[in-house]
Amino acid sequence: MVYKIGLFALAVVLGYLLLGAVTTVVMRLRNPLKKQCRDGKRLCLTFDDGMDLRYTPQLLDLLAEHRIHATFFMLASTAEQDPSLLHRIVEEGHVAALHSYDHKNQILEPPHRLCRDFRRSVDIFASQGVPLSFYRAPWGHITPLGIWLCRKYGLQMVLWTVIIGDWKRDATVEQLCGKLYRQVQGSAVICLHDGRGKQEAPLRTIAALERMIPYWKEEGYVFETIPEFTQADPA
């Protein structure tokens with residue numbers, strides 16, 4: 001009897017993991033941002049895994065220098081720790097969005113913990129007077145429960161169309177610029193990182209943007225936030 005219960009529990013866990021993996025693949029294939037990026041020269045800079053006091057202020061300075069507004073998919077735990085930086089982001093015209101409480105993988109999280117993650121995260125931003133409308137799952141891994149929770153809390157799930165692995169320890173500035181140059185052909189939602197990177201990776205991301213932003217401007221690109229990008233008709 002115990003053996004059968006164990007097999008049943010194992011089957012349930014494996015089924016839950018498989019369902020999350022399938023949901024992730026389907027959501028990426030159906031990514032509505034791909035339609036928005038067919039033509040035009042509209043760029044949406046998005047930053048995951050922050051905030052980080054070592055890097056985010058430098059990034060904000062760079063964006064302010066070029067008068068660019070971005071979308072920050074933040075860990076609620078950092079907003080809890082550094083509310084003044086959260087308010088700086090909002091006050092400077094950027095969009096605050098959710099990236100979970102502390103970067104747990106949806107597929108690997110038990111349902112009760114995922115529910116608690118959403119509730120706690122939304123409450124933290126609400127306590128700071130910062131409304132949330134957008135959500136990006138860590139690693140872009142999505143479960144049916146995650147989709148339901150987004151609907152419950154009025155969050156639009158957002159993926160990306162360009163991601164360059166800027167969090168990796170061995171990614172050089174030259175490599176990042178090369179990937180951005182090759183992958184950004186027309187409009188794009190670019191996923192970058194201002195926190196959690198290995199060996200000060202966010203500093204290399206900032207250095208790459210210092211080179212790429214002037215180039216994009218010369219090429220006639222315009223910069224938008226996620227709400228601007230998703231509400232506009234495709235070019």
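Owing to the predicted nature of the structure, the values given are computational and were not obtained by experimental measurement.

(A) Representation of a positive patch on the surface within the structure. Among the surface-exposed residues, Arg-113, Arg-116, Arg-119, Arg-120 and Lys-152 lie close enough to one another that they form a single positively charged patch. In this fold, Arg-113 is placed in helix H6 (residues 111-127). Classification of Arg-113 by relative accessible area gives partly exposed; the value is 40%.

(B) Just unusual backbone geometry, in detail. Cis peptide bonds are those with omega within 30 degrees of zero, and the linkage from Gly-50 to Met-51 qualifies with 10°. Here Met-51 lies in the loop between strand S1 (42-50) and helix H3 (56-65). A positive phi is found at Asp-49, a non-glycine position, where the angle reads about 75°. Classification of Asp-49 by relative accessible area gives buried; the value is 8%. For Arg-196, which is not a glycine, the phi torsion comes out positive at approximately 65°. Mapped onto the elements of the fold, Arg-196 is located in the loop between strand S7 (188-193) and helix H9 (201-218).

(C) Representation of the side chain of Asn-31 in the model. Inspection of the secondary structure puts Asn-31 in the loop between helix H1 (2-29) and helix H2 (33-36). Polar contacts involving the side chain of Asn-31 include one to the main-chain amide nitrogen of Leu-33, which spans 3.1 Å. If we ignore the near neighbours within four places in the chain, the residues touching Asn-31 are Leu-159, Trp-160 and Thr-161.

(D) Highlighting empty space enclosed by the protein. Taken as a whole and judged by the stated rule, the model has one cavity of 30 Å³ or more. Taken together, Ser-100, Lys-104, Gln-106, Glu-109, Leu-114, Asp-117, Tyr-135 and Pro-138 make up the full set of residues lining the largest cavity.

(E) Region of interest: the pairing of S7. Counting buried positions along S7 gives six out of six residues, so the element sits mostly inside the fold. Covered by surrounding structure in S7 are Ala-188, Ile-190 and Leu-192 together with Val-189, Cys-191 and His-193, the residues of both alternating faces. Here six bridges tie S1 to S7, and the two strands are oriented parallel to one another. Across the sheet, residue Phe-47 finds its bridge partner in S7, namely Leu-192. With two bridges connecting them, strand S6 (residues 162-163) and S7 associate as parallel partners. Across the sheet, Ile-163 pairs through a bridge with Cys-191, a residue of S7. As for the winding sense of the linkage, the β-α-β connection from S6 through helix H8 (residues 173-183) to S7 is right-handed.

(F) Summary view of the packing of aromatic side chains. All chains considered together, the criterion is met by five aromatic pairs. In this structure an aromatic cluster arises from ring pairing among Phe-118, Tyr-135 and Tyr-153. Seen from the ring of Tyr-221, Lys-41 lies directly overhead, with NZ or CZ sitting 5.5 Å from the centre. Taking the ring centre of Phe-73 as reference, the NZ or CZ of Arg-136 above it sits at 4.3 Å.

(G) Region of interest: H9. For H9, which comprises 18 residues, the first-to-last C-alpha distance of 26 Å matches the rise-based estimate of 26 Å (1.5 Å per residue) to within 8%. Maximum bend of H9: about 25°, positioned at Glu-210, with proline Pro-214 one to four residues after it. Those residues of H9 that sit buried are Ala-201, Pro-202, Arg-204, Thr-205, Ile-206, Ala-208, Leu-209, Met-212, Ile-213 and Trp-216. Residues of H9 that are buried sit in contact with S1, H3, H8, S7 and strand S8 (222-223). Phi turns positive one or two residues past the end of H9, at Gly-220, with a value near 90°.

What counts and how
Residues numbered from 1 in each chain as written. Predicted model: local features only at pLDDT ≥ 70, side-chain atom pairs only at ≥ 80, totals over all residues. Heavy atoms only, no water. Patch = residues over 30% accessible without salt bridge, like charges linked within 9 Å, V, L, I, M, F, W, Y side chains within 5 Å. Areas by Shrake-Rupley, 256 points an atom, 1.4 Å probe, with all protein chains shown as cover. Salt bridge = Lys/Arg side-chain N within 4 Å of Asp/Glu carboxyl O. Lys, Arg positive; Asp, Glu negative; His and termini not counted. Charge placed at Lys NZ, Arg CZ, Asp CG, Glu CD. Helix = DSSP H or I, 4+ residues; strand = E, 2+ residues; numbered from the N terminus. Buried < 20%, exposed > 50% of the residue type's maximum accessible area, 1.4 Å probe, protein only. Polar contact = N/O pair within 3.5 Å; in protein donor to acceptor, adjacent residues only side chain to side chain. Contact = heavy atoms within 4.5 Å. 1 Å grid on protein atoms, 1.4 Å probe; cavity = no way out; pocket = protein on both sides within 12 Å on 5 of 7 lines; lining within 4 Å. Points joined across faces, edges and corners; volume = space filled by probe spheres on them. Pairing = 2+ DSSP bridges. Right-handed = clockwise from strand over helix to strand, strands pointing away. Phe/Tyr/Trp six-rings, centres within 6.5 Å; stacked < 30°, edge-to-face > 60°. Lys NZ or Arg CZ within 6 Å of the ring centre and 35° of its normal. Expected span 1.5 Å × (residues − 1). Bend = angle between axes of the 7 residues up to and from the residue.

Fair warning: the whole summary comes from geometry, so function is off the table for now.
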